[in-house]
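Summary of structural features
This is what each chain is made of:
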Amino acid sequence: MAVSDGGRRSEAEAVCPHRLVLEHVTSRWGVLVLIQLLERPYRFSELRRAIGRVSEKMLTQTLQTLERDGLVHRDAKPVIPPRVDYSLTGLGREAAEQVRDLALWTDRRMAEVLAARQAYDEARAP
């Protein structure tokens, strides 16, 4: 993948590579892609529909980033029309399960989060 940020990515990777991977895994679209791919392999258009509201460009960038990190496998079949399937690698499945657990925790605890937000806002209201 080409570096289009003037070399800053390489610098960030050298300084704190695990932080960069964490950003990829926990990004808005990274989370959704990983969780969706836990179900089964998807073609690009299927994955885009399943996730919803993601642009083609953002999904492409997210998949390329996760593939570069060794989390997603891209399987391009030499047929007409072209067919490309995306699936999780073993490493990707492990990361996706962790992200899914966090998403499930968020779902279970959302009422408490909302109550905490309300209490916070009310305590600071004029």
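The structure this text deals with has already been given above.
Read on for a plain summary of the structure.

Conventions used here
- Residues numbered from 1 in each chain as written.
- Predicted model: local features only at pLDDT ≥ 70, side-chain atom pairs only at ≥ 80, totals over all residues.
- Heavy atoms only, no water.
- Helix = DSSP H or I, 4+ residues; strand = E, 2+ residues; numbered from the N terminus.
- Rg over C-alpha atoms; globule rule 2.2 N^0.38 Å.
- Buried < 20%, exposed > 50% of the residue type's maximum accessible area, 1.4 Å probe, protein only.
- Contact = heavy atoms within 4.5 Å.
- Lys, Arg positive; Asp, Glu negative; His and termini not counted.
- Charge placed at Lys NZ, Arg CZ, Asp CG, Glu CD.
- Bend = angle between axes of the 7 residues up to and from the residue.
- Salt bridge = Lys/Arg side-chain N within 4 Å of Asp/Glu carboxyl O.

On to the overall build of the chain. Assigned secondary structure in the chain consists of six helices and three strands. Helices and strands in the chain line up, N terminus first, as α-α-α-β-α-α-β-β-α. Since a compact globule built from 126 residues should have a radius of gyration of about 14 Å, the 18 Å found for the chain marks it as more spread out than a globular shape. When its C-alpha atoms are laid out on the principal axes, the chain stretches across 65 × 35 × 25 Å. Across the 126 residues that make up the chain, the buried fraction comes to 25%. Sequence separation of 24 or more characterises 45% of the internal contacts of the chain that already satisfy a separation of 6 or more. Averaging the coordinates of the 20 positive side-chain charges in the chain and doing the same for the 18 negative ones gives two points 4 Å apart.

To continue, consider the environment of leucine 91. Mapping leucine 91 onto the fold places it in helix H6 (residues 90-124). A relative accessible area of 49% means that leucine 91 is categorised as partly exposed. With sequence-adjacent residues up to four places away left out, leucine 91 is seen in contact with Asp69, Gly70 and Leu71.

With that settled, the discussion passes to H6. In the structure, H6 departs most strongly from a straight axis at arginine 109, where the bend amounts to approximately 60°. Of the surrounding secondary structure, the elements contacted by the buried residues of H6 are helix H2 (17-26), helix H3 (28-39) and strand E3 (83-88).

Before going further, it helps to examine the pattern of salt bridges. A full pass over the atoms with the stated rule returns five salt bridges. Across the pair aspartate 75 and lysine 77 runs a salt bridge, and its minimum N-O distance is 2.5 Å. Classification of aspartate 75 by relative accessible area gives partly exposed; the value is 30%. Exposure remark for lysine 77: the relative accessible area of 31% places this residue in the partly exposed category. We note a salt bridge from arginine 83 to aspartate 85, for which the minimum N-O separation is 3.1 Å. The network of salt bridges with common partners includes Asp75, Lys77, Arg83 and Asp85.

Omega for the peptide link from isoleucine 80 to proline 81 comes to -5°, which places this bond in the cis form. Tracing the backbone shows proline 81 in the loop between strand E2 (72-77) and E3. Not every positive phi belongs to a glycine, and arginine 53 is a case in point at roughly 55°. Tracing the backbone shows arginine 53 in the loop between helix H4 (44-51) and helix H5 (56-68).

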